[in-house]
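# Coordinates in review
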Amino acid sequence: VTAHPSTFQLDALALGADDSKTAAHVRECARCAAQLSRVQQALPVPGWVRELGASRRRGGGKWSWLYRWAIASVVVLSAGGVLVRMKPWNVDQIDRGAKGTPSVAVYIKRQGTVSLWDGQAPVQAGDGVQLKVAPRGMRESPSPLCRTGRSPSSTKDRPPARPSCRAAGRWTTRLDPRCC
Amino acid sequence: MQGRGGRLDDVEATYRRYFALIREKCRRMLGDFAEADDVAQETFARLWRTTLRADDHRSVLAWIYKTGTRLAIDRLRERSRMAGADEEAVALVQLASSSPGGDDALATRRSLEVLARRLPADELEVALLFRLDGLSQGEIAEVARISERTVRRCLQRLDERVAKLRQEILP
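This is a predicted model, so every value here is computed, not measured.

## Considering the overall build of chain A
The number of helices and strands found in chain A is five helices and four strands. Reading the secondary structure of chain A in the N-to-C direction produces α-α-α-α-α-β-β-β-β. Looking at chain A as a whole, 28% of its 180 residues are labelled buried. Counting contacts in chain A only where the partners sit at least 6 residues apart, residues at least 24 apart contribute 62% of the total.

Structural data, given as structure tokens:
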């Protein structure tokens, strides 16, 4: 190991460290004295340094944005947590009820004319049959049509006055003459 | 220079206090003054963004040594790609004969530069601090934030690696 102090020791001395042994060495060693004087020289402050200082004053830099986002996230999450805690989470308060009965409507298309089936009139071979299950709320309950080859079943509830294609499930078929 | 929280708070005072030694450290590692000044500037900019305490000069100095060394290693690796086999042979011979922190710092720096691509970053970092800056194992541990035992292992691995390379490259 060299008799010279390390550059780390010399730099620490330059920064004001209380190191009498290194200081004594520097007084007798031209090489270390030169090293010390190089790191202690006064340098003119260039423009990029001032810009660096100004960027911190402006709150610039990627870290400041990171801090802002972190703080905002913490605030939002805390507020959310408070709201969740304030709202009583009681299962009894959840809207519960019996599943509604679906409205089933049967439409008959005969010779180009569509009419609501009244549940009584006989269905003829060649009739087009459209089954519409109108949900109650978001509930839908489709049922098979003419699976057994018999007439379609009657409605359980009154069908809507005007059939809506948006909120209902629809199945359309044409009756096979052999099953009616 | 010290703010309310003790953070480096006056950029010009910080520059006057630390930049000369940062630049000197970078020139020692890289040789090329223009490139060293670039790395020194980058090191200073990073120092300014830290939350190091302004009154803890030793911690700031250790941080400068660590960061400056790591930034310089990136440059050394780039240069190392262009080194030929004959240069590697010379570097291996030189490293085997040089002493840490000795007067042949220029040749040691050049040798580490040539071999930079063949050495792992942690070993190269310890090698630069030990052979070029002449830091003790305790000081390297302080700078790199590792134990002295790890420093010893790292230096041992470095010696083994250099010996193996000598077997491979030298006739």
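## Quick notes on a nonpolar patch on the surface
On the surface, Tyr67, Ile71 and Val75 of chain A cluster together into a nonpolar patch covering about 340 Å² of accessible area. Residue position: valine 75 of chain A is located in helix 5 (residues 62-86).

## Quick notes on the packing of helix 4 (residues 47-57) of chain A against helix 1 (residues 11-30) of chain B
Packing of helix 4 of chain A against helix 1 of chain B brings their axes to within 9 Å, and their N-to-C directions diverge by 130°. It follows from the interaxial angle that helix 4 of chain A and helix 1 of chain B lie oblique. Pair helix 4 of chain A / helix 1 of chain B crosses with right-handed handedness. Contacts from Trp48, Val49, Arg50, Leu52 and Gly53 of chain A in helix 4 of chain A reach Val11, Glu12, Tyr15 and Phe19 of chain B in helix 1 of chain B. When the residues that make up the contact of helix 4 of chain A with helix 1 of chain B are grouped by side-chain class, the tally is six nonpolar, one polar and two charged.

## So, the packing of helix 7 (residues 137-144) of chain B against helix 8 (residues 148-169) of chain B
Residues and elements named next belong to chain B. With their axes 8 Å apart at the nearest point, helix 7 and helix 8 run at an angle of 105° to one another. Looking at the two axes, helix 7 sits roughly perpendicular to helix 8. Listed contacts from helix 8 to Gln137, Gly138, Ile140 and Ala141 of helix 7 are Glu148, Val151, Arg152 and Leu155. For the contact of helix 7 with helix 8, the class distribution of residues is four nonpolar, two polar and two charged.

Parameters and conventions
- Residues numbered from 1 in each chain as written.
- Chains lettered and ligands numbered in written order.
- Predicted model: local features only at pLDDT ≥ 70, side-chain atom pairs only at ≥ 80, totals over all residues.
- Heavy atoms only, no water.
- Helix = DSSP H or I, 4+ residues; strand = E, 2+ residues; numbered from the N terminus.
- Buried < 20%, exposed > 50% of the residue type's maximum accessible area, 1.4 Å probe, protein only.
- Contact = heavy atoms within 4.5 Å.
- Patch = residues over 30% accessible without salt bridge, like charges linked within 9 Å, V, L, I, M, F, W, Y side chains within 5 Å.
- Areas by Shrake-Rupley, 256 points an atom, 1.4 Å probe, with all protein chains shown as cover.
- Salt bridge = Lys/Arg side-chain N within 4 Å of Asp/Glu carboxyl O.
- Axes fitted to C-alpha atoms, helices over the stretch in contact; angles between N-to-C directions.
- Parallel < 35°, antiparallel > 145°, perpendicular 65-115°, else oblique.
- Left-handed = near helix turned anticlockwise from the far one by under 90°.
- Nonpolar A, V, L, I, M, F, W, Y, C, P; charged D, E, K, R; others polar.

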